[in-house]
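Chain by chain, the residues run as shown.
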Amino acid sequence: MSKSLIKKQIIFGLFQILGIPFLCSTLFAGHSITIDGQFQDWDNVNVAYADGQTDGMSADFADIKITYDMDFLFIYFSFHDGEFLLQDGNTFNLYIDSDNNPETGLEKNGIGAELHWVFGQRQGTWHSNGNQISIWQNDITLRTGPTITSNEFEIAISRYCDVFGGEIVEGNLIIEEVSSNSDTVPNESGGIYFSIGEDAVPYPEPIPFERPHENDIRILSYNTLHTGIVEPDRQPHFERIIKAIDPDIIALQEHSEWDEIEDIIQSWFPEDNWTASWTYRDLIVLSRFPLINDANLISSERSMCALLDTENEMGHNLLIMNSHLSCCDNDEARQQQVDEFASVWRDWRLGGNGPFPLEAETPFIHVGDFNFVGQKQQVITLRDGDILDESTYGADYPPDWDESSIIDLFSRHTEKRMGYTWRSDGSSFNPGKLDYIFYSDATIDSGRHFVVNTLAMSPETLAENGLEWNDTQEASDHLPRVFDISLNPNASIGHEEGSPAEFIIMANYPNPFNPITTISLTINNPIQNGSMDIIDMNGRIVDHMWSGNLISGSHTFKWDGQIKSSGIYFARLHGNGISRTHKMILLK
């Protein structure tokens, strides 16, 4: 490391300690950012501006980061305190001077902004040659995450939209909250400078439709937009999409035409024998596996379940839970629904007090259109069993069979670094993640998973899968979510009962933790050329803990997640041809 770089890092650290804003001067390079409401991929992006704490009484901005890929300008910003909803209920404003010329556009703190965007109103203004033109999210291909409340956000704006007069090459930006006692970054005049280099950021590796193992069980979750599949104009789009996905289990939301759907699916896959659950409100599960039982789960009939006979394939039957929670700004109703669901699942697991008998350790998956566009507590309730209204619905209880949280699966589009599952170009709302997949990682190994968006697919991929470019756009405003249960006998979590274990990751304590935890493991046989890594929900290595040899006995490792975002991580240990993983929750 050069002396100048060391000096710059020391100065930056002192500025942070003293709470003084620091405007970084650095070379810009592009990065592979996925807009999905996760932030691990921002770890390698330099801070463009670090704002001091307590200089904003309402929203107190912290770090700003800026980068790009071949299609988008990416902006990250965080807050020192508090959580906010980006698309509603705030007065956050973004100003971008896209030609680096303070004499053009809207004059704002020493920059001339061509783009002025108001997040809480979901609209903006294009300032061009003295004219003011109203613009909407689709005019600038605005993508944001997460869709729920958070203390950090990531946004993407097309590098090639008309507002930027073609391709943006360099510019300055300002972010502010417009209210009394509000905060603005930067504090200095002139904005935060950024430039887009000539480096080529590689496009994402396409996710193929094929299953990694032919026996993997594929689940499709899909909101079909009202009568959906039965409408003659839209049915050909659905047929191409569902045939290309080739699912074993289909969970539909917003589909109330119960008397036709089973025959339609059967006609598309005539070599299989499909069965369908009862339609609860607008929820139905269809399956190639025999249906053992189905039932409504909560009083609003917005969650149901179906038990499928997968004994031969998985050694257990499979429970599919399917939900379509209240829409839009109905936060109170959604929280009541997830609280009730968590209490029903708790009582079913603990005391067998459910709609039908359920064996212990039954693998389960919870899918659907959850409409999570408000408080993130609703996600926490389902994922962690944290009931908000305990006076009505009883005590918290971890939802998985191993007394831990379940997995909130983050998937991306097959050929785009985007995680949204709902999109309506004519709406003021940005595309967002409304459709979720939760699953028990105590009983299920995750296989391939993805979101299908034909608008982002290459002509070769479309042709290979018998799809047309506008299929997902015309079929529904929601995108299909696909999840494979891996039945690869070589991929397992833990070790099978009765088989000799080379090594076992015992536990980490505390769990959840913030920010340090101790990972304990016991080794029955010495490990040669082994390694331990920390991986995130997408399987990316975020930290390397150890590599080398270990003797038999007990060992401990400390992991510090200080610079990592809150979320679920896994300690993965390799050695002697065996791999083991252990789930950990970083909760800041």
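The coordinates are above.
Residues numbered from 1 in each chain as written. Predicted model: local features only at pLDDT ≥ 70, side-chain atom pairs only at ≥ 80, totals over all residues. Heavy atoms only, no water.

K.L.:
I'd love a proper account of helix α2 (residues 235-245), names of residues and values included.
P.N.:
Burial in α2 covers these residues: His-237, Phe-238, Ile-241, Ile-242, Ala-244 and Ile-245. Down the axis of α2, the smallest arc covering the buried residues is 160 degrees, so these residues share one side. On the buried face of α2, the contacting elements are β16 (217-223), β17 (249-253), α3 (261-268), α9 (471-475) and β27 (481-485). Positive phi shows up at Asp-246, right after α2, with a value of about 55 degrees. (Buried < 20%, exposed > 50% of the residue type's maximum accessible area, 1.4 Å probe, protein only. Helix = DSSP H or I, 4+ residues; strand = E, 2+ residues; numbered from the N terminus. Arc of directions from axis to C-beta. Contact = heavy atoms within 4.5 Å.)

K.L.:
Break down the packing of aromatic side chains for me, with residues and values.
P.N.:
As enumerated under the stated definition, the model contains 29 aromatic pairs in all. Ring centres of Phe-84 and Phe-92 lie 5.4 Å apart, and the angle between their planes is 75 degrees; on these two criteria the pair is classed as edge-to-face. With relative accessibility at 16%, the residue Phe-84 sits in the buried group. Take Phe-92: its relative accessible area is 0%, and that puts it in the buried class. Among the aromatic side chains, those forming a connected cluster through ring pairs are Phe-61, Phe-77, Phe-79, Phe-84, Phe-92, Phe-119 and Phe-153. In this structure, Lys-65 is placed above the aromatic ring of Tyr-76, and the distance from its NZ or CZ to the ring centre is 5.6 Å. In this arrangement the basic side chain of Arg-122 is found over the ring face of Phe-429, its NZ or CZ atom lying 3.8 Å from the centre. (Phe/Tyr/Trp six-rings, centres within 6.5 Å; stacked < 30°, edge-to-face > 60°. Lys NZ or Arg CZ within 6 Å of the ring centre and 35° of its normal.)

K.L.:
Report on the packing of α2 against α3, specifying residues and quantitative values.
P.N.:
Geometrically, a packed helix pair is captured by the angle between its two axes and the distance between the axes. Here α2 crosses α3 at 55 degrees, and the two axes come no closer than 11 Å. One finds that α2 runs oblique with respect to α3. Regarding α2 and α3, the two cross each other, and that crossing is right-handed. Packed against α2, whose contacting residues are Gln-235, Phe-238, Glu-239, Ile-242 and Lys-243, the element α3 presents Ile-264, Ile-265 and Trp-268 at the interface. (Axes fitted to C-alpha atoms, helices over the stretch in contact; angles between N-to-C directions. Parallel < 35°, antiparallel > 145°, perpendicular 65-115°, else oblique. Left-handed = near helix turned anticlockwise from the far one by under 90°.)

K.L.:
Go over the side chain of Arg-122, please, and point to the residues and values.
P.N.:
Its location among the elements puts Arg-122 in the loop between β8 (115-118) and β9 (123-128). On the accessibility criterion, Arg-122 (16% relative accessible area) is buried. A polar atom in the side chain of Arg-122 sits 2.9 Å from the backbone oxygen of Gln-87. For Arg-122, the residues in contact, after removing those within four places along its chain, are Gln-87, Asp-88, Trp-117, Trp-136, Ser-428 and Phe-429. (Polar contact = N/O pair within 3.5 Å; in protein donor to acceptor, adjacent residues only side chain to side chain.)

K.L.:
Tell me about unusual backbone geometry, residues and numbers included.
P.N.:
Cis rather than trans, the peptide bond between Val-185 and Pro-186 has omega equal to 0 degrees. As for its placement among the helices and strands, Pro-186 is situated in the loop between β14 (184-185) and β15 (192-195). Residue Tyr-509 is joined to Pro-510 through a cis peptide bond whose omega torsion reads -5 degrees. In this structure, Asn-129 takes a positive phi of about 50 degrees despite not being glycine. Topologically, Asn-129 is positioned in the loop between β9 and β10 (131-135). A relative accessible area of 75% means that Asn-129 is categorised as exposed.

K.L.:
So what about the sheet that holds strand β21 (residues 303-308)? Which residues, and what values?
P.N.:
In space, the 6 strands of this open sheet follow the order β20-β21-β22-β23-β25-β24, with mixed pairing throughout. Each of the sheet's edge strands pairs with one partner strand only, and the pair in question is β20 (291-296) and β24 (407-408). Pairing of strand β23 (residues 364-369) with strand β25 (residues 435-439), which is carried by 5 bridges, proceeds in the antiparallel orientation. Bridging across to β25, Ile-365 finds its partner in Tyr-439. Running at roughly 165 degrees to strand β22 (residues 318-324), helix α5 (residues 331-351) makes contact with β21, β22 and β23 of the sheet. Along the sheet, helix α6 (residues 377-384) makes contact with β23, β24 and β25, crossing β25 at roughly 25 degrees. (Pairing = 2+ DSSP bridges.)

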